[in-house]
Amino acid sequence: MVTSRWHHADNYSHFQHLYFVLTGIPGLEQKYYWMAFPLGAIYVVALFGNSIIISAIKSESSLRIPMYYFLCMLALADMGLALCTLPSMLGIFWFNYKSIAFDACLVQMYFIHTFSAIESGVLVAMAFDRVVAIWSPLRYSVILTNGVVCKTGLVILSRAVCVVFPVPFLIKRLPFYRSNILSHSFCLHQDVMHLACASTYVNSLYGLIAVIFTKGSDSLSILLSYVFILQTVMAIASREGRLKALNTCVSHICAVLIFYVPLIGVSVIHRFGKHLSPLTHVLMANAYLLVPPVLNPIVYTVKTKEIRRKIIQIFVQTKITAEG
């Protein structure tokens, strides 16, 4: 039985569920207990890995440059994404608790989309950082000052907060009186919107505009940045110089692919994959939100010796403390 409530105002009323029911992984309900352990490990890796990156950048003076300040912002966005989904995911797989209050669902939706937009914006800033470093290395510290980095971070944050802000209110005005079962283990705008029992034209239009203004323009900016980077690199006379310049971009290219490939996949499936199994939808949505926070720290740890050194120090300190 679906628990709901009526709202009355100025001769207009609509029906609204008190809660939504989240979906785990279809067909694997009997194995949730065993899946809880790898899922918990994924969150530990995501939170611990990104914390290490932030700690290393804070403590290592050699990492206090714009490139790593932007990496710190990326790590914070990844931690935000992981923390947004952690309560509902662990609630399902650890305690088989699938209900989420209507308003709590809207809050989770807001933060998921906000942190996702922040991550997209940070990837653009990191692309610009690579453009400056390769195009004009001697003026790098002059162009990207600490003040410019701070202002860039504030712009990225403000854009994400403002663009996503209307989304929960656009959902709140819709009536819900049929199904209250969502397709994922967390609340996404598209998923909740599809349960509404009224026209969602305004929601769809605003969602499209928001995506174009954030991830659409960001992906185009990153693409143009790399076109410029390749032109600049090809103008370098020596082969070693070209390889060295491109090597500084490898981590960022990996981060871009890690973020945008699952994002494009889940967007395409939502719009054109109605015939696909629910399991495919769930796995793609989980990959979209869990893969970047887990893989980004691994990529940057492999490529950055200072971060590797910090991890070794932490393990050594932990071992000494345990033995003491």
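Residues numbered from 1 in each chain as written. Predicted model: local features only at pLDDT ≥ 70, side-chain atom pairs only at ≥ 80, totals over all residues. Heavy atoms only, no water.

Q: I would appreciate a short explanation of the overall build of the protein in the present structure.
A: Along the backbone of the protein there are 12 helices and four strands. Radius of gyration (C-alpha) of the protein: 22 Å, near the 20 Å computed for a compact globule of 324 residues. Counting across all 324 residues of the protein, residues that qualify as buried make up 47%. For the protein, long-range pairs separated by at least 24 residues make up 77% of all intrachain contacts whose partners lie at least 6 apart in sequence. Approximately 16800 Å² of the protein is accessible, and the part contributed by carbon and sulfur atoms is 70%. In the protein, 24 positive and 12 negative side-chain charges are present, and the distance between their average locations comes to 4 Å. (Helix = DSSP H or I, 4+ residues; strand = E, 2+ residues; numbered from the N terminus. Rg over C-alpha atoms; globule rule 2.2 N^0.38 Å. Buried < 20%, exposed > 50% of the residue type's maximum accessible area, 1.4 Å probe, protein only. Contact = heavy atoms within 4.5 Å. Areas by Shrake-Rupley, 256 points an atom, 1.4 Å probe, with all protein chains shown as cover. Lys, Arg positive; Asp, Glu negative; His and termini not counted. Charge placed at Lys NZ, Arg CZ, Asp CG, Glu CD.)

Q: Would you mind showing me how to read the state of the cysteines here?
A: By definition, a disulfide links two cysteine residues through a covalent bond between their sulfur atoms. All chains considered together, the criterion is met by one disulfide. Between Cys162, a free cysteine, and Cys84, which holds the nearest cysteine sulfur, the sulfur-to-sulfur gap is 17 Å. Cys162 gets classed as exposed once you look at its relative accessible area, which sits at 54%. Between Cys249, a free cysteine, and Cys254, which holds the nearest cysteine sulfur, the sulfur-to-sulfur gap is 11 Å. Note on Cys249: relative accessible area 1%, which makes it buried. (Disulfide = S-S within 2.5 Å.)

Q: Would you take a moment to explain the side chain of Thr114 for this structure?
A: Along the chain, Thr114 falls in helix α3 (residues 102–135). When neighbours within four sequence positions are excluded, Thr114 is seen to be in contact with Ala160, Val161 and Val164.

Q: Explain unusual backbone geometry to me, please; I cannot follow it from the model alone.
A: What is expected of a backbone is that most residues other than glycine have negative phi and most peptide bonds are trans. The phi dihedral of Asn96 is positive, around 55°, even though this residue is not glycine. In this structure, Asn96 sits in the loop between α2 (66–95) and β4 (99–101).

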